[in-house]
Amino acid sequence: MLEIMLPQLKQYDMPKFVIVERNLLGENGMSAYEKNSDIIFIDDKLSSFKKVEKILSDGYFVANDFKGVLVHELTHKRYWDIIKNMYNKSHGKYNDLAEVKMIVDEPIIKYIKDQQLNDISYLHRISENTVISWKYTGSINELVAEIEVNENIDDKKLVSLIKELLNYGYNG
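The present account deals with the structure reproduced in this document. (Residues numbered from 1 in each chain as written. Predicted model: local features only at pLDDT ≥ 70, side-chain atom pairs only at ≥ 80, totals over all residues. Heavy atoms only, no water.)

As for unusual backbone geometry
Most peptide bonds take the trans configuration, and most residues that are not glycine carry a negative phi. Note the following rule: Secondary structure counts use DSSP, requiring at least four H or I residues in a row for a helix and at least two E residues in a row for a strand, with both numbered from the N terminus. The classification of residues rests on relative accessible area computed with a 1.4 Å probe and restricted to protein chains. Under 20% of the type maximum is buried, over 50% is exposed, and intermediate values are partly exposed.
Residues other than glycine seldom take positive phi values, yet aspartate 38 does so here, at roughly 60°. By the element assignment, aspartate 38 lies in the loop between β2 (31-34) and β3 (39-43). Looking at aspartate 38, the relative accessible area reads 25%, which means it is partly exposed. The backbone of histidine 91 sits at a positive phi, close to 55°, despite the residue not being glycine. Structurally, the position occupied by histidine 91 is in the loop between α3 (66-88) and α4 (97-118).

Structure (structure tokens):
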């Protein structure tokens, strides 16, 4: 499946891919990007396109097919590459990646919090994965990846903020 899908995703920088047993990915995991090693891990149970679609049919994630799973993880990579590049080009301006991430994330976090003042279930319109991540980590990592997978989100301002972030340092 990787050999079929990766040529369709040339707009992303490709890391290494490693197929692993599901128990290594966590409770809800079927794939994961690890920023330190620059590897995307894929569940070995994702053995056919139909099987992936069946697993994704519960709506927990925005992705509804294997391409969506790959775009989600490749977006995590792009997001972390942007943070790493900003840090590396900062000439000591930032203490660490966490500080850069906090600065990069700030406008989007502010926007989400403003939206939640009017609608506490605001993130439910994106995905359950986004809601859980936000609730337990306060992180926008999953939101960024989910928006890239599904651009048909009603909130065009949010989509614009995410696209602006993901296009930083890229020519397309």
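Notes on the sheet that holds β3
Inclusion rule: The rule for pairing is simple: two strands pair if DSSP sees at least two bridges between them. Structural elements are reduced to axes, namely lines fitted to C-alpha atoms, with helices fitted over the stretch in contact, and the angle between N-to-C directions of any two is expressed from 0 to 180 degrees. Contacts are residue-level and defined by heavy atoms, with any inter-residue pair within 4.5 Å sufficient.
One open sheet holds the three strands; their spatial order is β1-β3-β2, and the pairing between them is mixed. Across the chains shown, the open sheet's two edge strands, defined by having one partner strand only, are β1 (16-20) and β2. Here the strands of the sheet are splayed against their neighbours by 20° on average, with no regard to which way each runs. Examined bridge by bridge, β1 and β3 share five bridges and lie parallel to one another. Counted as the bridge partner of phenylalanine 17 is isoleucine 40 from β3. Along the sheet, α3 contacts β1, β2 and β3; its crossing angle with β2, the most-contacted strand, is approximately 15°.

Focus: the environment of glutamate 106
Along the chain, glutamate 106 falls in helix α4. Taking the C-alpha atoms as reference points, glutamate 106 and isoleucine 140, separated by 34 residues in sequence, lie 9.7 Å from one another.

Some words on the environment of lysine 163
Filter applied, for reference: Two N or O atoms count as a polar contact when they lie within 3.5 Å, although within protein this holds only if one can serve as hydrogen donor and the other as acceptor, and sequence-adjacent residues are included solely when both atoms are side-chain atoms.
Within the fold, lysine 163 resides in helix α7 (residues 156-166). The exposure class assigned to lysine 163 is buried, which follows from its relative accessible area of 19%. Filtering out sequence-adjacent residues up to four positions away, lysine 163 remains in contact with Glu148 and Glu151. Engagement of the side chain of lysine 163 in a polar contact is seen with the side chain of glutamate 148, the distance being 2.6 Å.

Section: the side chain of asparagine 141
Mapping asparagine 141 onto the fold places it in helix α6 (residues 141-149). Engagement of the side chain of asparagine 141 in a polar contact is seen with the side chain of serine 139, the distance being 2.7 Å. In contact with asparagine 141, not counting residues within four places along its chain, are His76, Tyr79, Trp80 and Lys101.

Notes on the pattern of salt bridges
Let me state the cut-off plainly: Salt bridges, as used here, are contacts in which a Lys or Arg side-chain nitrogen is within 4 Å of a carboxyl oxygen on Asp or Glu.
With the rule as written, the count across this model stands at seven salt bridges. Of the charged contacts, one joins aspartate 114 and lysine 110 as a salt bridge, the two residues approaching to 3.0 Å between their closest N and O atoms. Residue aspartate 114 and its partner lysine 110 are both found in helix α4; the two are separated by four residues, about one turn of the helix. Of the residues examined, aspartate 114 reaches a relative accessible area of 33% and is grouped as partly exposed. Residue class for lysine 110 comes out exposed when judged on its relative accessible area of 52%.

Let's talk about α6
A large share of α6 lies buried, amounting to eight of its nine residues. Of all the residues in α6, the buried ones are Asn141, Glu142, Leu143, Val144, Ala145, Glu146, Ile147 and Glu148. Residues of α6 that are buried make contact with α3, α4, α5 (128-137) and α7.

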